[in-house]
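Here's the letter readout for the chains.
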Amino acid sequence: MAEGAIIARVLASPLEVDATAWNALLALQSHPTPFMRHEYLVAMHESGSATPKTGWTPRFVTLWKKGPADLELVAACALYLKDHSYGEYVFDWAWAEAYQRHGLDYYPKWLSALPFTPTPGTRILGRDLPARRALLDAVLAQVRESGASSFHVLFPADDERPLLACAGMMIR
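Rules of the game
- Every chain is numbered on its own, with residues counted from 1 as its sequence reads.
- Given that the model is predicted, a residue must reach a pLDDT of at least 70 before its local features are reported, and side-chain atom pairs must reach 80 or more before they are shown or counted; all residues, however, enter totals for whole chains, interfaces and linings.
- Side-chain figures throughout are based on the complete set of non-hydrogen atoms in the structure, without hydrogens or water.
- Disulfide: a pair of cysteine sulfur atoms within 2.5 Å of each other.
- Burial status follows relative accessibility: with a 1.4 Å probe on protein chains alone, a residue under 20% of its type maximum counts as buried, one over 50% as exposed, and anything between as partly exposed.
- To form a nonpolar core, buried Ala, Val, Leu, Ile, Met, Phe, Trp, Tyr and Cys residues must be joined to one another through side-chain atoms within 4.5 Å.
- Secondary structure counts use DSSP, requiring at least four H or I residues in a row for a helix and at least two E residues in a row for a strand, with both numbered from the N terminus.
- Contact definition: two residues touch when any of their heavy atoms are within 4.5 Å.
- Ring pairs shown here join Phe, Tyr and Trp side chains whose ring centres sit within 6.5 Å, with only the six-membered ring taken for Trp; geometry is labelled stacked below 30 degrees between planes, edge-to-face above 60, and tilted in between.
- Comment: the charge-over-ring label is applied if NZ (Lys) or CZ (Arg) is within 6 Å of the ring centre and within 35 degrees of the ring normal.
- Whenever a nitrogen or oxygen atom comes within 3.5 Å of another N or O atom, the pair is scored as a polar contact, on the condition that within protein one atom can donate a hydrogen and the other can accept it, and that pairs from neighbouring residues in sequence are kept only if both atoms are in side chains.

K.L.:
Looking at this model, I keep getting lost on the state of the cysteines. Mind explaining?
P.N.:
Across all of its chains, the model carries 0 disulfides by this definition. Considering cysteine sulfurs only, C77 is the nearest to C166, which forms no disulfide, with 17 Å between them. Classification of C166 by relative accessible area gives exposed; the value is 74%.

Next comes the structure, spelled out in structure tokens:
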């Protein structure tokens, strides 16, 4: 692989990312929140709170750049495949009901959010805007490939809204 090549990885646990690398990337964001720190995300999983058994199947999407010595984390998103809307603090039951009335499945859906934590902050972590755009493209490709009904980003930072809108997402 050539130096500078970007590698996308979908991870089943935050434990698959080095804590120092994740937290360093978070520190670069305009609106970091302590609830996006590696330690908090791991606690959500290790405690059994945000796991497939509770309807929070982690699918963290990460981008890595091949450098001269090793792979460097350049972008990351805490992403979950959800089979219900509990613990999101966004009430989309009417959407789920509308889907059902039309014979469609609303669940599973993709979600970028902090489990059980309605705190605004950066959700699409990247070392710069091009990395954040590439990460969002990778996430949207993952969503499309899965055949899920939708992708939601809950409580994003205000400066992420234009990035999401440019990717064709509806802002509400």
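Still more to cover.
K.L.:
What am I meant to see in the nonpolar core here?
P.N.:
The nonpolar side chains of soluble globular proteins are, as a tendency, buried together. Counting residues in each nonpolar core, the largest one holds 23 residues, and the members touching the most others are W22, M36, L41 and F60. At the level of secondary structure, the elements contributing two or more residues to this core comprise β1 (6-11), α1 (19-27), α2 (38-46), β3 (60-66) and β4 (71-77). For this core, the element with the most residues is α1, which contributes 3 residues. If sequence neighbours within four positions are ignored, W22 has contacts with V17, M36, R37, H38, L41, F60, L73, A76, C77, A78 and L125. Of all hydrophobic cores here, the second largest spans 20 residues; its members include W110, A131, V139 and F151.

K.L.:
Just checking my understanding: could you explain the packing of aromatic side chains for this structure?
P.N.:
For any two aromatic rings, the description comes down to two numbers: the centre-to-centre distance and the angle of the planes. All told, the structure shown has 7 aromatic pairs when counted by the stated rule. Relative to F60, the ring of W22 lies with its centre 5.8 Å away and its plane at 40 degrees, an arrangement referred to as tilted. A residue pair is termed long-range when its members are at least 10 positions apart, and W22 in helix α1 and F60 in strand β3 qualify at 38 residues. Of the two residues, W22 and F60, neither departs from the other in class, the shared state being buried. Residue classification places F60 among the buried positions, given a relative accessible area of 1%. Each member of the aromatic cluster is reached from another via a ring pair, and the members are W22, W56, F60, Y80 and F116. Above the plane of the ring of W64 lies R9, whose end atom (NZ or CZ) is 5.5 Å from the centre.

K.L.:
Would you explain the side chain of S150 in this entry?
P.N.:
Mapped onto the elements, S150 comes out in the loop between α4 (129-146) and β8 (151-153). Owing to a relative accessible area of 15%, S150 belongs among the buried residues under this scheme. Among the polar contacts listed, one links the side chain of S150 to the side chain of H152, at a separation of 2.7 Å. The contact partners of S150, leaving out residues within four places of it in the chain, are Y106, K109, W110 and V143.

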